[in-house]
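# Summary of structural features
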Amino acid sequence: MGLRNIVGGVVILGFTLYYGGLATLLPKRTTTDAPGPHFFPYLISISIIALTVMLLIQGVRGLKNSGGLADLRPEKPSTNENFSIARAAAGLLLTGLYFFALSMFGFFWSTPVFFAALMWTSGERRPLVLLALAILVPMFLFFLFRDLFQLPLPRGSFLG
Amino acid sequence: MNGDLLQGFYLALAPTSILATALGALHGLICGMMPGLTTSAGIIILFPVTFILEPTTAVALLLGVFAGGMTGGSFAAILINIPGSPSASATTMDGFPLTQKGEAGRALGVSIVSSFTGGLFSFFCLLLIAPQLTKVALQFRAADLFGLVFFGMSVISAFAAKSLVKGLLSTFLGLMIVTVGMDPLVGTARFTFGDVNMLAGIHFIPALVGLFAIPEIVANLAEGNIRSVASRFGRVFPSWADIKKIRLPVAIGSMVGTFVGILPGAGGPIAVFVSYDYAQKVNKEPEQFGKGCVEGVAAPESANSSIAGGALIPMMTLGIPGDPITAILIGALLVHGMAPGPLLFVEQGPFAFSVLFSYFIAICSTATVAFLGLRVIVKLLSIPRSLLLPIIVALCVLGTYALRNSFFDIYVMFFFGLVALSFKWLDIPVVPMLLALVLGRQLEEHLRVALAASKGDISIFFTSPWCLFFLCLSVISFAWPFFLEWRVKKRALEKASASAPSSP
């Protein structure tokens, strides 16, 4: 965990310094005697900087027992032989792409493609089952939410 | 107050509310049961549906999920030795051995009855304590409210993480996100980068969907296994002999669970293991624990269920969530324009009491649905995750988008999903961040209003008795983990010195 704490600490510290820098641009005083809009962000920045320094110290102390760069890899449970980080990463990437595609193609067109892709990634290899579920389930959700619940669904800029 | 109580009772008894509670209980049982699908995820999935419902019905639905989820967690623990939720982890110790003996039905029946009794006990505590606590909370001024919110956040930071530094970091990063948008007092735009979406701030619903749902989806994808469950488990309703056996463990579990539930951030796993330990200590045959005895199922299950009622006490009376699920419930109430806290009982008395009675109906519905539908519900454990995961993602999208019809919220959800995954990698808990997102704006507002009232004099926080009381509690909550660590080390040293050979 030592190396991870250092990496995390540096990233958070950098981000907080940027945030603190932006906070200095906020108005200092208001018409009343109340502290201005800068006050709370200042408090937060100072607290995070102090905590990050502690995290970095913990990280440096933990380096003695760390396994070097191997510590940066996510843990793999030994009890599950099916465990696959690559599958998880692929699923996350697909989810990100799906969110992006929604703004272009809308819920109706992007969801079946996403269903098929994610089902395939999670191990479904029967083409007929995959195709049927990837079309029927999103369609069911679409009509359920649009017509029965009358909720707005994401509409794409290219296809509605 | 009595009029409000009666009106609340009638509101909770409306057919739509009862139906919503029963459906919520069924949904909660399923979500709580499926390993990797928690009660929080179950509530998040139902968010879009609540937008079209009346506030009373929406809350009844979500409370059904809450109560059902707490009971459902034990099903997977008993049948496949994998707790559906962290709070069901102690149930595996005796639940699964009972299944191995061919007595799964007995274990499930005892679990449902114990959950029902624990929930009932916590409901009566909720009904008795909540109105009294509200009267006290109504006297709070800005400085006291600051102290209270600060205490709620500090206790979560201290107990939710293995490391206090990481717990606090999570809280402060959450507070940092809360500062995005319009300043709560003077309306100045802060950290918006000229983006019109940022002006309204980061809504905590997309944030919490991202924080909880995305890591669960990723974890499920990584695991990728499908389980099959035995569909035959004999008689489910417990025998009279079993009911006599579980009386004391259930009483212990109910009291421990309700008490732990009231404490913000103490968490379900603590309550279930403490009650299991006590139940074992008072049992005439403690050696039977761990080998498949019904008392070992009853104690943790009653504790697990009573946590829910306990957690609703600070949520309803002080607006402080006791656990992640109540934090999500606060979010749902806020979406409907109802802010939990003492004022809710004054301004929306019937609604506030309807929430309490809906919880009672949720407990009854859970027990009924669980007994009637058990054989069908457990079959769902065999649903392939390959189908379940895309459905969850799609429902998250629908819920997030329906909030403000904005793609920005979908991106916010994904961003927080990435944040939660990074936090997991760094072993930083997400619960303190969630609490900061829910309470952060109040914290800033109370702090600045109190300072404005005292013309910038910080002694206001130490001269107000309530504020001082909460600040002292915060200090204790920060010091408590260090004290526990010191005590463990001291005991280990004493043991080591006692076992060392004595010098001649």
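Residues numbered from 1 in each chain as written. Chains lettered and ligands numbered in written order. Predicted model: local features only at pLDDT ≥ 70, side-chain atom pairs only at ≥ 80, totals over all residues. Heavy atoms only, no water.

### Some details on the overall build of chain A
- The number of helices and strands found in chain A is four helices and zero strands.
- Each helix and strand of chain A, ordered N terminal to C terminal, gives the series α-α-α-α.
- Sorting the 160 residues of chain A into buried and exposed places 44% on the buried side.
- Taking as baseline every contact in chain A between residues at least 6 positions apart, the subset at least 24 positions apart corresponds to 64%. (Helix = DSSP H or I, 4+ residues; strand = E, 2+ residues; numbered from the N terminus. Buried < 20%, exposed > 50% of the residue type's maximum accessible area, 1.4 Å probe, protein only. Contact = heavy atoms within 4.5 Å.)

### Examining the overall build of chain B
- Looking only at helices and strands, chain B has 21 helices and two strands in total.
- Taken over the C-alpha trace, chain B has a radius of gyration of 23 Å; the compact-globule value for 504 residues is 23 Å, and the two agree within 12%.
- Here the C-alpha coordinates of chain B stretch approximately 75 × 70 × 50 Å along the principal axes.
- Counting all 504 residues of chain B, 62% fall into the buried class.
- Put simply, of all contacts in chain B between residues at least 6 apart along the chain, 79% involve residues at least 24 apart.
- Working note: accessible area of chain B is about 18,900 Å², and carbon and sulfur atoms make up 68% of it.
- If you average the places of the 29 positive and of the 24 negative side-chain charges in chain B, the two averages end up 8 Å apart. (Rg over C-alpha atoms; globule rule 2.2 N^0.38 Å. Areas by Shrake-Rupley, 256 points an atom, 1.4 Å probe, with all protein chains shown as cover. Lys, Arg positive; Asp, Glu negative; His and termini not counted. Charge placed at Lys NZ, Arg CZ, Asp CG, Glu CD.)

### Here's the deal with helix α3 (residues 85-121) of chain A
All names here are of chain A.
- For α3, with 37 residues, the first-to-last C-alpha span of 12 Å runs short of the 54 Å given by 1.5 Å per residue.
- At the N-terminal end of α3, a side-chain oxygen is found 3.5 Å from the backbone nitrogen of alanine 86, two or three residues along, and the residue is serine 84.
- Two residues or fewer after α3 comes glycine 123, characterised by a positive phi angle close to 115 degrees. (Expected span 1.5 Å × (residues − 1). Polar contact = N/O pair within 3.5 Å; in protein donor to acceptor, adjacent residues only side chain to side chain.)

### So, the pattern of salt bridges
Residue and element names in this part refer to chain B.
- The tally for this structure, following the rule as stated, stands at ten salt bridges over all chains.
- Close ionic contact of aspartate 183 with arginine 448 constitutes a salt bridge, the shortest N to O distance being 2.5 Å. Here the residue aspartate 183 occupies a position in the loop between β1 (181-182) and β2 (189-190), and arginine 448 occupies one in helix α19 (residues 431-453), the gap between them amounting to 265 residues.
- Accessibility expressed as a relative area gives 1% for arginine 448, which makes it buried. (Salt bridge = Lys/Arg side-chain N within 4 Å of Asp/Glu carboxyl O.)

### Quick look at the environment of alanine 189 of chain B
- If you trace the backbone, alanine 189 of chain B turns up in strand β2.
- When the C-alpha positions of alanine 189 of chain B and glycine 201 of chain B are compared, they lie 9.5 Å apart, and in sequence the two are twelve residues distant.
- In this view, alanine 189 of chain B contacts Leu26 of chain A together with Gly181 and Leu199 of chain B; residues no more than four positions away in its chain are not counted.

### Let's talk about the interface of chain A and chain B
- Opposite the 68 residues of chain A that make contact, chain B presents 59 residues.
- Where chain A abuts chain B, roughly 5,600 Å² becomes buried across the two surfaces, and 82% of that area is made up of carbon and sulfur atoms.
- Its largest share of buried area at the contact with chain B, chain A owes to Phe40, Leu51 and Phe99 of chain A, together 13% of the area lost on that side.
- Scanning the region where chain A abuts chain B turns up zero salt bridges.
- Here chain A is connected to chain B by nine residue pairs in polar contact (both at pLDDT 80 or more).
- If you list the elements that add at least two residues to the side of chain A that touches chain B, you get α1 (2-23), α2 (39-62), α3 and α4 (127-148) of chain A.
- Of the residues forming the side of chain A that touches chain B, the biggest block, 17 residues, is contributed by α3 of chain A.
- Looking at the side of chain A that touches chain B residue by residue, the class counts come to 45 nonpolar, 17 polar and six charged. (Buried area = accessible area lost by both parts, 1.4 Å probe. Nonpolar A, V, L, I, M, F, W, Y, C, P; charged D, E, K, R; others polar.)

### Examining the environment of phenylalanine 159 of chain B
- Structurally, phenylalanine 159 of chain B is set in helix α7 (residues 142-160).
- What makes phenylalanine 159 of chain B partly exposed here is its relative accessible area of 31%.

### Examining the packing of α1 of chain A against helix α8 (residues 164-178) of chain B
- At a minimum axis distance of 13 Å, the contact between α1 of chain A and α8 of chain B shows a crossing angle of 30 degrees. Taken together, α1 of chain A and α8 of chain B sit at an angle that is classed as roughly parallel. The two elements α1 of chain A and α8 of chain B meet at a crossing, and its hand is left-handed. Seen from α1 of chain A, the contacting residues are Asn5, Ile12, Phe15, Thr16 and Tyr19 of chain A; seen from α8 of chain B, they are Lys166, Leu169, Leu173 and Met176 of chain B. (Axes fitted to C-alpha atoms, helices over the stretch in contact; angles between N-to-C directions. Parallel < 35°, antiparallel > 145°, perpendicular 65-115°, else oblique. Left-handed = near helix turned anticlockwise from the far one by under 90°.)

### As for a positive patch on the surface
Residue and element names in this part refer to chain B.
- A surface patch of positive charge is lined by Arg487, Lys490, Arg491 and Lys495.
- Residue position: lysine 495 is located in helix α21 (residues 465-499).
- For lysine 495, a relative accessible area of 68% puts it in the exposed group. (Patch = residues over 30% accessible without salt bridge, like charges linked within 9 Å, V, L, I, M, F, W, Y side chains within 5 Å.)

### Observations concerning the side chain of aspartate 94 of chain B
Residue and element names in this part refer to chain B.
- Assignment of secondary structure puts aspartate 94 in helix α5 (residues 92-100).
- No salt bridge is formed by the buried aspartate 94. Its closest oppositely charged neighbour is lysine 101, at 7.1 Å.
- A distance of 2.6 Å separates a polar atom in the side chain of aspartate 94 from a polar atom in the side chain of tyrosine 276.
- Engagement of the side chain of aspartate 94 in a polar contact is seen with the backbone nitrogen of glycine 290, the distance being 2.8 Å.
- With sequence-adjacent residues up to four places away left out, aspartate 94 is seen in contact with Tyr276, Gln288, Phe289, Gly290, Lys291, Gly292, Cys293, Gly296 and Val297.

### Here we look at the state of the cysteines
Residue and element names in this part refer to chain B.
- Throughout the structure, instances matching the rule amount to zero disulfides over all chains.
- Take cysteine 364: it sits in no disulfide, and the sulfur closest to it among the cysteines is that of cysteine 125, at 16 Å.
- Assessed through its relative accessible area of 25%, cysteine 364 is described here as partly exposed.
- Cysteine cysteine 472 is unpaired, with the sulfur of cysteine 467 as its nearest cysteine sulfur at 9.5 Å. (Disulfide = S-S within 2.5 Å.)

### Some details on the environment of isoleucine 328 of chain B
Residue and element names in this part refer to chain B.
- Position of isoleucine 328 among the secondary structure elements: in helix α14 (residues 324-335).
- Classification of isoleucine 328 as buried rests on a relative accessible area of 0%.
- Residues isoleucine 328 and leucine 434 lie 106 residues apart in sequence; the distance between their C-alpha atoms is 8.7 Å.
- Excluding anything up to four places from it in sequence, isoleucine 328 contacts Ser40, Ile43, Ile44, Phe47 and Leu208.

### Examining the packing of aromatic side chains
- Under the defined criterion, the tally for this structure stands at 27 aromatic pairs over all chains.
- Clustering of aromatic rings is evident, with ring pairs tying together Phe9, Tyr10, Phe123, Phe124, Phe357 and Phe360 of chain B.
- Over the ring of tryptophan 120 of chain A we find arginine 125 of chain A, and its NZ or CZ is 3.9 Å from the ring centre. (Phe/Tyr/Trp six-rings, centres within 6.5 Å; stacked < 30°, edge-to-face > 60°. Lys NZ or Arg CZ within 6 Å of the ring centre and 35° of its normal.)

### A closer look at the confidence of the model for chain B
- Confidence in the prediction for chain B averages 86 pLDDT; 95% of positions are at 70 or higher.
- We note a pTM of 0.83 for the whole complex and an ipTM of 0.92 for its interfaces. (pLDDT = per-residue confidence, 0-100.)

### A short note on the confidence of the model for chain A
- The predicted model of chain A averages 87 in pLDDT, with 86% of residues at 70 or higher.
- Within chain A, α4 of chain A has the poorest average pLDDT of any element, 92, and α3 of chain A the best, 94.

### Regarding α14 of chain B
Residues and elements named next belong to chain B.
- Helix length check: α14, at twelve residues, gives a terminal C-alpha distance of 17 Å against a target of 16 Å (1.5 Å per residue), a fit within 8%.
- For α14, a buried count of ten out of twelve residues is recorded, marking the element as mostly surrounded by other parts of the structure.
- On its buried face, α14 is in contact with α3 (39-50), α4 (55-80), α10 (204-223), α13 (294-318), α16 (349-377) and α19.
- Immediately downstream of α14, the backbone of glycine 337 shows phi near 75 degrees, a positive value.

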